[in-house]
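# Report on the structure
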Amino acid sequence: DSGVTQTPKHLITATGQRVTLRCSPRSGDLSVYWYQQSLDQGLQFLIQYYNGEERAKGNILERFSAQQFPDLHSELNLSSLELGDSALYFCASSHIPTARTDTQYFGPGTRLTVL
Amino acid sequence: QQPVQSPQAVILREGEDAVINCSSSKALYSVHWYRQKHGEAPVFLMILLKGGEQKGHEKISASFNEKKQQSSLYLTASQLSYSGTYFCGTAVSNSGYALNFGKGTSLLVTP
């Protein structure tokens, strides 16, 4: 158990819908990273927040957005869902703002299925 | 910026050794190795910082050649528990807020 929690574990929805994924980092960690994992692409970095502020952006679609709240939990919002958005979504947390030297601890993931 | 991992997949018998490689076209600051079991979260193995260090973790060790922008993960005397997908994540030297992960190497250890 990494100490990172994610809810829900599974999410099944229809195309065109909007969903929110939630992540709580490990106690004391200020940085939250979101990743998308699909079969053919591996782990794709989406976005990072540190202490409430956006720090880095990866391959995140305009239909996706995220935020980090004062209690440090983070939410990833996915809208106008398409079949191709079906994937495992992981969040990871670390203590410092840069990934270069810090360990990222991954949560158990949310499996999103878009029908 | 996604690093390239090789091989894509490997099958071993218990007790055999394996090497997984990770290479980047960009100058690297650090390389991070993770192992993921099917349906589970990636689990951290080790970080290697530029300076050409080598690290070990029981029978799993890794090296980082910053001149070649390459890292290798060495699994010796493999155990059944080593099965899973291994990912390398790289932080490039001129940025570094996030990691870029390779597509993974699937390792299966059989009895």
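The preceding data block contains the structure.
Below is a short write-up of the structure. Note that this is a predicted model, so its numbers are computed, not measured. (Residues numbered from 1 in each chain as written. Chains lettered and ligands numbered in written order. Predicted model: local features only at pLDDT ≥ 70, side-chain atom pairs only at ≥ 80, totals over all residues. Heavy atoms only, no water.)

## Description of the overall build of chain A
On a plain count of helices and strands, chain A comes out with 0 helices and 11 strands. If you list the helices and strands of chain A from N to C, you get β-β-β-β-β-β-β-β-β-β-β. Taken along the three principal axes of its C-alpha coordinates, chain A extends 35 × 30 × 30 Å. Within chain A, the proportion of its 115 residues that are buried is 52%. Across chain A, the fraction of contacts at a sequence separation of at least 24, relative to all contacts at a separation of at least 6, is 55%. Surface exposure of chain A reaches about 5,300 Å², of which carbon and sulfur atoms provide 48%. Each charge class in chain A was averaged separately, 9 positive and 11 negative side chains, and the resulting centres sit 2 Å apart. (Helix = DSSP H or I, 4+ residues; strand = E, 2+ residues; numbered from the N terminus. Buried < 20%, exposed > 50% of the residue type's maximum accessible area, 1.4 Å probe, protein only. Contact = heavy atoms within 4.5 Å. Areas by Shrake-Rupley, 256 points an atom, 1.4 Å probe, with all protein chains shown as cover. Lys, Arg positive; Asp, Glu negative; His and termini not counted. Charge placed at Lys NZ, Arg CZ, Asp CG, Glu CD.)

## Regarding the side chain of A:Gln36
All names here are of chain A. Secondary-structure assignment places Gln 36 in strand E4 (residues 31–38). Exposure remark for Gln 36: the relative accessible area of 16% places this residue in the buried category. Ignoring any residue separated from it by four or fewer positions in sequence, one finds Gln 36 in contact with Gly 42, Leu 43, Gln 44, Leu 46, Phe 64, Asp 85, Ala 87, Leu 88 and Tyr 89.

## A short note on the state of the cysteines
Under the counting rule described, the total for this entry stands at 2 disulfides over all chains. Linked covalently through their sulfurs, A:Cys23 and A:Cys91 form a disulfide whose S-S length is 1.9 Å. Judged by the sign of its S-S torsion, about 70°, the cystine formed by A:Cys23 and A:Cys91 is right-handed. Within this pair, whereas A:Cys23 is found in strand E3 (residues 19–24), its partner A:Cys91 is found in strand E9 (residues 87–94), the two being separated by 68 residues in sequence. You'll find A:Cys23 and A:Cys91 in the same group, each marked buried. Between the sulfur atoms of B:Cys22 and its disulfide partner B:Cys88 the distance amounts to 2.0 Å. Residues B:Cys22 and B:Cys88 share a disulfide whose torsion about the S-S bond is about 75°; that sign makes it right-handed. Taken together, the residues B:Cys22 in strand E3 (residues 18–23) and B:Cys88 in strand E9 (residues 84–92) connect sequence positions 66 residues apart. Residue class for B:Cys22 comes out buried when judged on its relative accessible area of 2%. (Disulfide = S-S within 2.5 Å.)

## Notes on the packing of aromatic side chains
One pass over the structure, following the stated rule, counts 10 aromatic pairs over all chains. Aromatic pair B:Tyr34 and B:Phe101: ring centres 5.7 Å apart, planes at 65°, arrangement edge-to-face. Within this pair, whereas B:Tyr34 is found in strand E4 (residues 28–36), its partner B:Phe101 is found in strand E10 (residues 100–101), the two being separated by 67 residues in sequence. Relative accessible area serves as the criterion here: at 0%, B:Tyr34 is assigned to the buried category. For B:Phe101, a relative accessible area of 2% corresponds to the buried category. Through successive ring pairs, a cluster of aromatic residues spans A:Tyr33, A:Tyr35, A:Phe45, A:Phe90, A:Phe106, B:Tyr34, B:Phe44 and B:Phe101. Geometry around A:Tyr105 places A:Arg26 over its ring, the cationic atom sitting 3.8 Å from the centre. (Phe/Tyr/Trp six-rings, centres within 6.5 Å; stacked < 30°, edge-to-face > 60°. Lys NZ or Arg CZ within 6 Å of the ring centre and 35° of its normal.)

## Structural notes on the interface of chain A and chain B
Opposite the 24 residues of chain A that make contact, chain B presents 24 residues. Summing both partners gives a buried area of about 1,800 Å² for chain A against chain B, and 59% of it is carried by carbon and sulfur. For chain A, the biggest contributors to the area lost against chain B are A:Leu43, A:Arg100 and A:Phe106; these three give 34% of the whole. Joining chain A to chain B, the criterion identifies 0 salt bridges. Ranked by residues supplied to the side of chain A that touches chain B, first place goes to strand E5 (residues 42–50) of chain A with 5 residues. (Buried area = accessible area lost by both parts, 1.4 Å probe. Salt bridge = Lys/Arg side-chain N within 4 Å of Asp/Glu carboxyl O.)

Taken by themselves, the reported measurements are silent on function.
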